[in-house]
Amino acid sequence: MSVLPLVFTSGWASGINAYAVVLLFGIFGATGLTDEVPESLQRTDVLVTAGVLFLFEAVADKIPYVDSAWDIAHTVIRPVTGAVVAALLAGESGSLPELAAGAVGGSTALMSHLVKAGTRMAVNTSPEPFSNIGVSVAEDLGVAGIITFAVFNPVAAAVAAGVLLLLGLVILIFLASRIRRFLRRRAQRREERRLAGAGRHWPHE
């Protein structure tokens, strides 16, 4: 139970940027700022891999429509990462607390990922690219801030993560109509490309 706030917070953050969570926890553990981080997250190969993937995400996450494609590709990756990180934080391999922590981290990561992906679809309804950059930077700073906060005050950080998750779900409900329009336009563009391709290959008399 004592690690549950940290597990919840890491799950929320993993749904936003899983690579940043792994990288930050690994750095905090390797530098001795906290004893809560398992050695497996502090390994050099893990830190290097997380760092490289974080750089890829930092770029992809700021490009309109590419960010939504990236989110779709990470629908499984982020919740799985949230579950794995949570289980590692809980320790005691194969124990019931570890399994429970994995479930909490994974489900929380899935919810925050859905909020992020849905919000990005709504942002992509705007024709200019600057809103994508602004939202992405805010997400990156939010993840960095709340993970850092969680290391020193996990309970307060978990409360903040819970508020942000609830606020995100409420915002997502209000943005639902814009998201539906975005999905309709994307389906329409795919259909237009399909018809154009079929027209080019249609035999001419």
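Above this text sits the structure in question.
Structural notes, computed from the coordinates. (Residues numbered from 1 in each chain as written. Predicted model: local features only at pLDDT ≥ 70, side-chain atom pairs only at ≥ 80, totals over all residues. Heavy atoms only, no water.)

### A look at the overall build of the chain
When helices and strands are tallied, the chain shows 8 helices and 0 strands. Each helix and strand of the chain, ordered N terminal to C terminal, gives the series α-α-α-α-α-α-α-α. The C-alpha extent of the chain, read off along each of the three principal axes, is 75 × 35 × 35 Å. Per-residue burial over the chain gives 42% buried out of 205 residues. Residue pairs at least 24 apart in sequence account for 73% of intrachain contacts in the chain once pairs closer than 6 positions are excluded. (Helix = DSSP H or I, 4+ residues; strand = E, 2+ residues; numbered from the N terminus. Buried < 20%, exposed > 50% of the residue type's maximum accessible area, 1.4 Å probe, protein only. Contact = heavy atoms within 4.5 Å.)

### Examining the layout of surface pockets
Within this model, the largest pocket holds a volume of roughly 380 Å³. Along the walls of the largest pocket sit 17 residues, with Ile16, Val115, Glu139, Leu164 and Gly168 positioned nearest its centre. For the lining of the largest pocket, the secondary-structure elements that each account for two or more residues are helix 1 (4–30), helix 5 (96–123), helix 6 (130–152) and helix 7 (154–174). Partitioning the lining of the largest pocket into residue classes produces 11 nonpolar, 4 polar and 2 charged. (1 Å grid on protein atoms, 1.4 Å probe; cavity = no way out; pocket = protein on both sides within 12 Å on 5 of 7 lines; lining within 4 Å. Points joined across faces, edges and corners; volume = space filled by probe spheres on them. Nonpolar A, V, L, I, M, F, W, Y, C, P; charged D, E, K, R; others polar.)

### Re the nonpolar core
Across soluble globular proteins, nonpolar side chains have a tendency to be buried as a group. With 37 residues, the main nonpolar core has Phe25 and Ile147 as its most contacted residues. When residues of this core are assigned to their parent elements, the largest contribution, 12 residues, is made by helix 1. Contacts of Phe25, omitting those with residues within four sequence positions, involve Leu6, Ser10, Val37, Leu41, Val85, Leu89, Ile147 and Val151. (Core = buried A, V, L, I, M, F, W, Y, C linked by side-chain atoms within 4.5 Å.)

### A look at the side chain of Ser10
The residue Ser10 is located in helix 1 in this model. Under the relative-accessibility criterion, Ser10 is labelled buried at 0%. One polar contact links the side chain of Ser10 to the main-chain carbonyl oxygen of Val7, over a distance of 2.8 Å. With residues near it in sequence (within four places) discarded, Ser10 still touches Val21, Phe25, Val85, Ala86, Leu89 and Ile147. (Polar contact = N/O pair within 3.5 Å; in protein donor to acceptor, adjacent residues only side chain to side chain.)

### Describing helix 1
A rise of 1.5 Å per residue sets the reference length of helix 1, with its 27 residues, at 39 Å; its end C-alpha atoms lie only 22 Å apart and thus fall more than 12% short of the reference. Largest kink in helix 1: about 125°, centred on Asn17. Of all the 27 residues making up helix 1, 23 are buried; the element is thus mostly covered by neighbouring parts of the structure. At the C-terminal side of helix 1, Gly32 shows a positive phi close to 80°. (Expected span 1.5 Å × (residues − 1). Bend = angle between axes of the 7 residues up to and from the residue.)

### Quick word on the pattern of salt bridges
Within the structure shown, the criterion is met by 9 salt bridges. Between Asp61 and Arg120 there is a salt bridge; the shortest N-O distance is 2.9 Å. Here Arg120 lies in helix 5 and Asp61 lies in the loop between helix 2 (44–60) and helix 3 (66–73), a separation of 59 residues in the sequence. What makes Asp61 buried here is its relative accessible area of 2%. Two residues, Arg78 and Asp71, come together in a salt bridge whose shortest N-O distance is 2.8 Å. Asp71 carries the same exposure label as Arg78, and that label is buried. (Salt bridge = Lys/Arg side-chain N within 4 Å of Asp/Glu carboxyl O.)

### Comments concerning the environment of Ile27
Assignment of secondary structure puts Ile27 in helix 1. Separated by 87 residues in the primary sequence, Ile27 and Leu114 place their C-alpha atoms 27 Å from one another.

### Things to note about the packing of helix 1 against helix 6
Running from amino to carboxyl end, helix 1 crosses helix 6 at an angle of 80°, the nearest separation of the two axes being 9 Å. Judged by the angle between their axes, helix 1 and helix 6 are roughly perpendicular. Here Leu6, Thr9, Ser10, Trp12, Ala13, Ile16, Asn17, Ala20, Val21, Leu24, Phe25 and Phe28 of helix 1 come into contact with helix 6, specifically with Glu139, Asp140, Gly142, Val143, Ala144, Ile146, Ile147, Thr148, Ala150 and Val151. Split by residue class, the contact of helix 1 with helix 6 holds 15 nonpolar, 5 polar and 2 charged. (Axes fitted to C-alpha atoms, helices over the stretch in contact; angles between N-to-C directions. Parallel < 35°, antiparallel > 145°, perpendicular 65-115°, else oblique.)

### Observations regarding the side chain of Ser14
Relative to the helices and strands, Ser14 resides in helix 1. Take Ser14: its relative accessible area is 0%, and that puts it in the buried class. Not counting the four nearest positions on each side in its chain, Ser14 is found in contact with Val21, Arg78, Gly82 and Ala109.

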